[in-house]
Amino acid sequence: MAIAEDWLQGRTAYGGLTSAIALAAARCVDQDLPPLRSGQFAMVAPLAGRVEARSRVLRRGRNATWISVELSGASGVGFTASFVFMRRIESVVALDHYTMPRDLIPVSEARAVPTERSPAFLRTHFESRFALPKAAPGEADLCWWVRAKAREGLHPEVECVLVGDALPTAVLPLLDFAVPISSMHWHVNMMDPTPSADGWWLIRSTSPYCAQGAASEHIGQWNSEGSAAMMGLQSVAVFG
């Protein structure tokens, strides 16, 4: 497959795209895989142009299947992923404290995110709107409504992952926009990644820590009906 320039974020492909490609490749290993429970993504090196995906089953248990994926370009491996697919099991515990933020701006009233300084992938392939009022000075907190412009035929889990990395790191508004940043690791846990009928997802990114060139970022994602879809933790390199 080839990654076009309009999917780039700087020198490399948008991380949500490479993550979605890896998930689609993993699902091709077995058409009867149970739901995705967890995924780990490593952005090893820049990837653009022609890319090859290799998938393999690490273990197939009674309840869960582990699959690894590598994406390689002209310079070698640039992206790795590890997935756990696990069947639903009845549990005596039922907790869900992943509620949507308060003071949420409805998508119909939300203002569009300016795209003049946005990377190519965001301008070309997504719609985005501000979902919360601007964070207080010194707070690393971004919350947007995001929708993929082309989503027909996507597996629900693939669509969820594709959209899930669309926000910049939450510390970006606290930096000079010329400061380079780069995602390194992204870990996600799936709740119920059912897309909304209108395609909008609410994504909130917060960074409680940024020092010594690294930011730790929490990312929550819901569909527009309020169902928690995916929760994640990302490690971001901040070069300035």
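Residues numbered from 1 in each chain as written. Predicted model: local features only at pLDDT ≥ 70, side-chain atom pairs only at ≥ 80, totals over all residues. Heavy atoms only, no water.

> What's the story with the overall build of the protein chain in this structure? I'm lost.
In terms of regular secondary structure, the protein chain is built from three helices and 14 strands. With the C-alpha coordinates aligned to their principal axes, the bounding extent of the protein chain is approximately 50 × 50 × 35 Å. Per-residue burial for the protein chain yields a buried fraction of 45% across its 240 residues. Counting contacts in the protein chain only where the partners sit at least 6 residues apart, residues at least 24 apart contribute 66% of the total. For the protein chain, the exposed area adds up to about 12600 Å²; of that, 52% sits on carbon and sulfur atoms. The centroid of the 21 positive side-chain charges in the protein chain is displaced by 4 Å from the centroid of its 23 negative side-chain charges. (Helix = DSSP H or I, 4+ residues; strand = E, 2+ residues; numbered from the N terminus. Buried < 20%, exposed > 50% of the residue type's maximum accessible area, 1.4 Å probe, protein only. Contact = heavy atoms within 4.5 Å. Areas by Shrake-Rupley, 256 points an atom, 1.4 Å probe, with all protein chains shown as cover. Lys, Arg positive; Asp, Glu negative; His and termini not counted. Charge placed at Lys NZ, Arg CZ, Asp CG, Glu CD.)

> Before we go on, may I ask you to explain the packing of helix H1 (residues 15-27) against helix H3 (residues 156-164) in this structure?
When two helices pack together, their arrangement is captured by the angle between the axes and the distance separating the axes. For the pair H1 and H3, the least separation of the axes is 7 Å and the interaxial angle reads 160°. In terms of orientation, H1 lies roughly antiparallel with respect to H3. Viewed along their axes, H1 and H3 form a crossing whose handedness is right-handed. Counted together, Gly16, Leu17, Ser19, Ala20, Leu23, Ala24 and Arg27 of H1 and Glu157, Val158, Val161 and Leu162 of H3 form the full contact between these two elements. Looking at the contact of H1 with H3 residue by residue, the class counts come to seven nonpolar, two polar and two charged. (Axes fitted to C-alpha atoms, helices over the stretch in contact; angles between N-to-C directions. Parallel < 35°, antiparallel > 145°, perpendicular 65-115°, else oblique. Left-handed = near helix turned anticlockwise from the far one by under 90°. Nonpolar A, V, L, I, M, F, W, Y, C, P; charged D, E, K, R; others polar.)

> Any chance you could explain a nonpolar patch on the surface here in plain terms?
On the surface, a nonpolar cluster with roughly 380 Å² of combined accessible area is contributed by Val92, Val93 and Leu95. Residue placement: Val92 occurs in the loop between strand E8 (76-86) and helix H2 (120-125). (Patch = residues over 30% accessible without salt bridge, like charges linked within 9 Å, V, L, I, M, F, W, Y side chains within 5 Å. Salt bridge = Lys/Arg side-chain N within 4 Å of Asp/Glu carboxyl O.)

> How should I be thinking about H1 in this particular structure?
Helical periodicity: at 3.6 residues per turn, an α-helix aligns residues three or four positions apart in one direction. End to end, H1 covers 18 Å across 13 residues, agreeing with the expected 18 Å (1.5 Å per residue, within 8%). Burial analysis of H1 places 12 of its 13 residues in the buried class, the great majority of the element. Within H1, the full set of buried residues consists of Gly15, Gly16, Leu17, Thr18, Ser19, Ala20, Ile21, Ala22, Leu23, Ala25, Ala26 and Arg27. (Expected span 1.5 Å × (residues − 1).)

> What should I look at first to understand unusual backbone geometry in this one?
The bulk of non-glycine residues show a negative phi, and the bulk of peptide bonds are trans. At Asp103, a residue that is not glycine, the phi angle is positive and equals roughly 60°. Structurally, Asp103 is set in the loop between E8 and H2. Under the relative-accessibility criterion, Asp103 is labelled exposed at 65%. Unlike most non-glycine residues, Gln212 shows phi in positive territory, near 55°. On the basis of relative accessible area, Gln212 is assigned to the exposed category, the value being 82%.

> Please clarify how the pairing of strand E10 (residues 141-148) should be interpreted in this entry.
The side chains of a regular strand alternate, first on one face of the sheet and then on the other. By the criterion of burial, E10 is predominantly enclosed, with eight of the eight residues buried. Burial of E10 is two-sided: the residues Asp141, Cys143, Trp145 and Arg147 facing one way and the residues Leu142, Trp144, Val146 and Ala148 facing the other way are all buried. Strand direction decides the pairing type here: strand E9 (residues 126-130) and E10, joined by five bridges, are antiparallel. Looking across to E10, one finds that Ser128 is bridged to Val146. Judged from the six bridges that link them, E10 and strand E12 (residues 201-211) form a sheet pairing that is antiparallel. Within E12, the residue paired with Trp145 across the bridge is Leu202. (Pairing = 2+ DSSP bridges.)

> Is there a simple way to explain the environment of Pro46 in this structure?
Structurally, Pro46 is set in the loop between strand E4 (36-43) and strand E5 (49-50). A C-alpha to C-alpha distance of 9.8 Å links Pro46 and Leu8, two positions 38 residues apart in sequence. The contact partners of Pro46, leaving out residues within four places of it in the chain, are Arg11 and Thr12.

> Even after reading the chapter, I still don't get the nonpolar core, so can you show me in this structure?
Soluble, globular proteins show a tendency: their nonpolar side chains are buried together. Formed by 48 residues in total, the largest nonpolar core has its most connected members in Phe41, Val69, Phe83 and Phe126. At seven residues, the largest contribution of residues to this core is made by H1. Here Phe41 is in contact with Ser19, Phe79, Thr80, Ala81, Phe83, Val161, Met184, His185, Trp186 and Val188, once residues within four sequence places are set aside. (Core = buried A, V, L, I, M, F, W, Y, C linked by side-chain atoms within 4.5 Å.)

> I tried to follow the pattern of salt bridges on my own but got confused; where do I start?
Between side chains of opposite charge, pairing is possible as soon as their charged atoms come close. Tallied over the full model, the rule gives six salt bridges. For Glu157, the salt bridge is made with Arg27, and the minimal N-O distance between the two is 2.9 Å. Residue Glu157 is located in helix H3, and its partner Arg27 is located in helix H1; the two are separated by 130 residues in the primary sequence. Two residues, Glu127 and Arg147, come together in a salt bridge whose shortest N-O distance is 3.2 Å. Placement of the pair is Glu127 in strand E9 and Arg147 in strand E10, with a sequence separation of 20 residues.

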